[in-house]
Amino acid sequence: MPEPTLNDARSAALYAEALRVLPGGVNSPVRAMRSIGRDPIFVAGGEGPEIVDVDGNRYLDYVCSWGPLIHGHAHPVVLDAVREAAARGTSFGAPTAGEVELAEEVAARIPSVEMVRMTSSGTEASMSALRLARAATGRETILKFSGAYHGHVDGLLAEAGSGLATQGIPASPGVPAAATAATVIVGWNDAEALRAATERHELAAIVAEPYPANMGLVPPAPGFLELLRERADANGALLIFDEVISGFRVARGGAQQLSGVTPDLTVLGKVIGGGLPAAAYAGPRALMERVAPAGDVYQAGTLSGNPLAVAAGLATLRLLDDDAYARLAATTERLASGLRAAAADAGRAVHVTAATGLLTVFFGAGPVRDYADAAACDRDAHAAWCRELLARGVYPPPSQFEAWFPSLVHDDDAIDRTIEAAAAAFAAIA
Ligand SMILES: *Cc1c(COP(=O)(O)O)cnc(C)c1O
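Residues numbered from 1 in each chain as written. Predicted model: local features only at pLDDT ≥ 70, side-chain atom pairs only at ≥ 80, totals over all residues. Heavy atoms only, no water.

> Can you break down the packing of helix α13 (residues 379–391) against helix α14 (residues 412–429) residue by residue, with the values?
At a minimum axis distance of 9 Å, the contact between α13 and α14 shows a crossing angle of 130 degrees. In this view, α13 runs oblique relative to α14, as classed from their interaxial angle. Crossing of α13 over α14 shows right-handed handedness. For the pair α13 and α14, contact is made by Ala381, Ala384, Trp385, Glu388 and Leu389 and by Ala421, Ala422, Ala425, Phe426, Ala428 and Ile429, respectively. (Axes fitted to C-alpha atoms, helices over the stretch in contact; angles between N-to-C directions. Helix = DSSP H or I, 4+ residues; strand = E, 2+ residues; numbered from the N terminus. Parallel < 35°, antiparallel > 145°, perpendicular 65-115°, else oblique. Left-handed = near helix turned anticlockwise from the far one by under 90°. Contact = heavy atoms within 4.5 Å.)

Structure, rendered in structure tokens:
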């Protein structure tokens, strides 16, 4: 049988055009597929678990817009909700009933949440949660974990300094050194470094993805989330869980429900907007009432709580009952164990991490406990495997440092076809 190849003539032509008017041809870097050594694929549409590109190729999609589409593409209930909302007008800059309903829905699902402030992006929400934490504690320094992503907030676009210098250094030109000087960076799952940093610095907040999924999925070691809570309390810092990915995904009430560890503030995004731009920060009344106009911490947004996004988010959340999470867990487990078996059959050493609705295939024997472990993986082999998957009709996240997002409409047949393609892709790169 000839090796499958991808006809991507139209994508290539669009990319050439795009390069003239969009930096790198895209509006967000990972879409360019540079880290798997190919050019981007332009999408024409999506339906259920599949996307179709502009050349007519179909793929089982495991990006699902990087998390929002937990019900897959163009779900009829979500589309109807958006259509109905759009027919009434797209934005008012005045409060609407849907915003109250969505906040109530979020509070009902996440026990630590009494009040919600909506924003348009996860970046804005985490930036605003930090502002609130700094106001509430009267402190400035923030602790974050190496390899965690909280949006492109200046102070959080920080890399670990070398040696004993735990003070952050800018991870991008254009980020002022002053913005990252108040950021302390610790390795994920590194209990000793966390202890040392929390003894040395007076912190406004410890901010963590409780199930970090932006260095690939690297779950917390047993007891590590509990340690975050304990160290935050001992320090007088707030604990902020960035649940932009894990919220409404790993469990109904997110990672905090799964782990039983309660943060002070929660950052939400992705699923909460059901594929439209929406995010939020949320927490107990006593903290959230510091936010203007109830309190003195300023934060605002022209399109915050946008009626279309709220409608999509509400429809998305209301479809997420206990049965949905049981199905998503089973789907993820079927995929994870199938991928492990396919790799083993091909003699390829991989380490597959998984949580409900999330999975990463690390190209290394594992374990992967932190960013350094993830970065030590064989990224060239991973890239080659991803290109082979694309040629076989499976669209994986095109980076070793991202998670797969299986959805509720990836049925057993879709998963089995994915595992078959993965086995062939492992054989092709052997
Ligand atoms: C995607 C993401 C963000 C940023 O959200 P945007 O809507 O892209 O600004 C923040 N935190 C985490 C954990 C994310 O995965």
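> An account of the site of the ligand is requested, with residue identities and associated values reported.
What surrounds the ligand is the set Ser121, Gly122, Thr123, Tyr149, His150, Gly151, Glu209, Asn214, Asp242, Val244, Ile245 and Lys270. Within the contact set of the ligand, a nitrogen atom lies 2.7 Å away from a side-chain nitrogen or oxygen of Asp242. Protein contacts shield 82% of the accessible area of the ligand, which totals 380 Å² for the unbound molecule. Residues of the shell around the ligand, tallied by class, amount to three nonpolar, six polar and three charged. (Near = heavy atom within 4 Å. Polar contact = N/O pair within 3.5 Å; in protein donor to acceptor, adjacent residues only side chain to side chain. Areas by Shrake-Rupley, 256 points an atom, 1.4 Å probe, with all protein chains shown as cover. Nonpolar A, V, L, I, M, F, W, Y, C, P; charged D, E, K, R; others polar.)

> Describe the side chain of His150, with residues and values.
The topology assignment puts His150 in the loop between β5 (141–145) and β6 (158–159). Side chain to side chain, His150 and Asp242 meet in a polar contact 2.8 Å long. If near-sequence neighbours (up to four positions away) are discounted, His150 is found in contact with Gly122, Thr123, Ser126, Lys144, Leu156, Val207, Ala208, Glu209 and Asp242.

> Pulling in residues and values, what's your account of the sheet that holds strand β1 (residues 43–47)?
Two modes of strand pairing occur in sheets, parallel and antiparallel, and in both the strands are linked by backbone hydrogen bonds. Read from one edge to the other, the open sheet built from four strands follows the order β1-β2-β3-β15, with strand pairing classed as mixed. Only two strands of the sheet have a single partner each, and these edge strands are β1 and β15 (394–395). Sheet analysis places strand β2 (residues 50–53) next to strand β3 (residues 58–61), joined by three bridges and oriented antiparallel. Across the sheet, residue Glu50 finds its bridge partner in β3, namely Leu60. Across the face of the sheet, α14 comes into contact with β2, β3 and β15 while running at roughly 105 degrees to β3. (Pairing = 2+ DSSP bridges.)

> Describe the pairing of β1, listing the residues and the values that go with them.
Pairing analysis gives four bridges linking β1 to β2, with the strands arranged antiparallel. When the sheet's bridge partners are listed, Val43 is paired in β2 with Asp53. Two successive antiparallel strands, β1 and β2, enclose a turn made up of two residues, where Gly48 displays a positive phi of approximately 60 degrees.

> Requested: an account of the sheet that holds strand β12 (residues 279–283), with residues and values cited.
In spatial order, the strands read β4-β12-β11-β10-β9-β5-β8; together these seven strands make up an open sheet with mixed pairing. Two strands bound the open sheet, and with one partner strand each, they are β4 (115–119) and β8 (183–186). In this sheet, neighbouring strand axes are inclined to one another by 20 degrees on average, regardless of whether the strands run parallel or antiparallel. By the bridge criterion, four bridges tie β5 to β8 in an arrangement that is parallel. Within β8, the residue paired with Phe145 across the bridge is Val186. Sitting on the sheet, helix α7 (residues 224–235) touches β5, β9 (203–208) and β10 (238–242), and the angle it makes with β10 is about 145 degrees.

> Which residues make up the UniProt feature "modified residue: N6-(pyridoxal phosphate)lysine" (unreviewed entry) in the protein, and what values do they have?
Under the local residue numbering, the UniProt record ascribes the feature "modified residue: N6-(pyridoxal phosphate)lysine" (unreviewed entry) to Lys270. The topology assignment puts Lys270 in the loop between β11 (265–268) and β12. Exposure remark for Lys270: the relative accessible area of 26% places this residue in the partly exposed category. Leave out the neighbours within four places in its chain, and Lys270 touches Trp66, Gly67, Pro68, Val244, Ile245, Gly275 and Ala278. (UniProt positions renumbered as here; feature names shortened; annotations may be inferred. Buried < 20%, exposed > 50% of the residue type's maximum accessible area, 1.4 Å probe, protein only.)

> Give a detailed account of the pairing of β12, specifying residues and quantitative values.
For β12, the buried fraction is high: five of the five residues fall into the buried class. Of the two faces of β12, the one holding Ala279, Tyr281 and Gly283 and the one holding Ala280 and Ala282 are both buried throughout. Relative to β12, β4 runs antiparallel, the two sharing five bridges. By the bridge assignment, Met118 is partnered in β12 with Ala280. Here three bridges tie β11 to β12, and the two strands are oriented antiparallel to one another. Directly across from Val267, in β12, lies its bridge partner Tyr281.

> Help me get a handle on the packing of helix α2 (residues 76–87) against helix α10 (residues 307–318), residues and values and all.
Two elements in contact, α2 and α10, have axes whose closest approach is 8 Å; the angle formed by their N-to-C orientations is 150 degrees. Of the possible angle classes, the one that applies to α2 and α10 is roughly antiparallel. For the pair α2 and α10, the sense of crossing is right-handed. Residues Val77, Val78, Ala81, Val82, Ala85 and Ala86 of α2 form the contact with α10, whose participating residues are Pro307, Leu308, Ala311, Ala312, Ala315 and Thr316. By residue class, the composition of the contact of α2 with α10 is 11 nonpolar, one polar and no charged.

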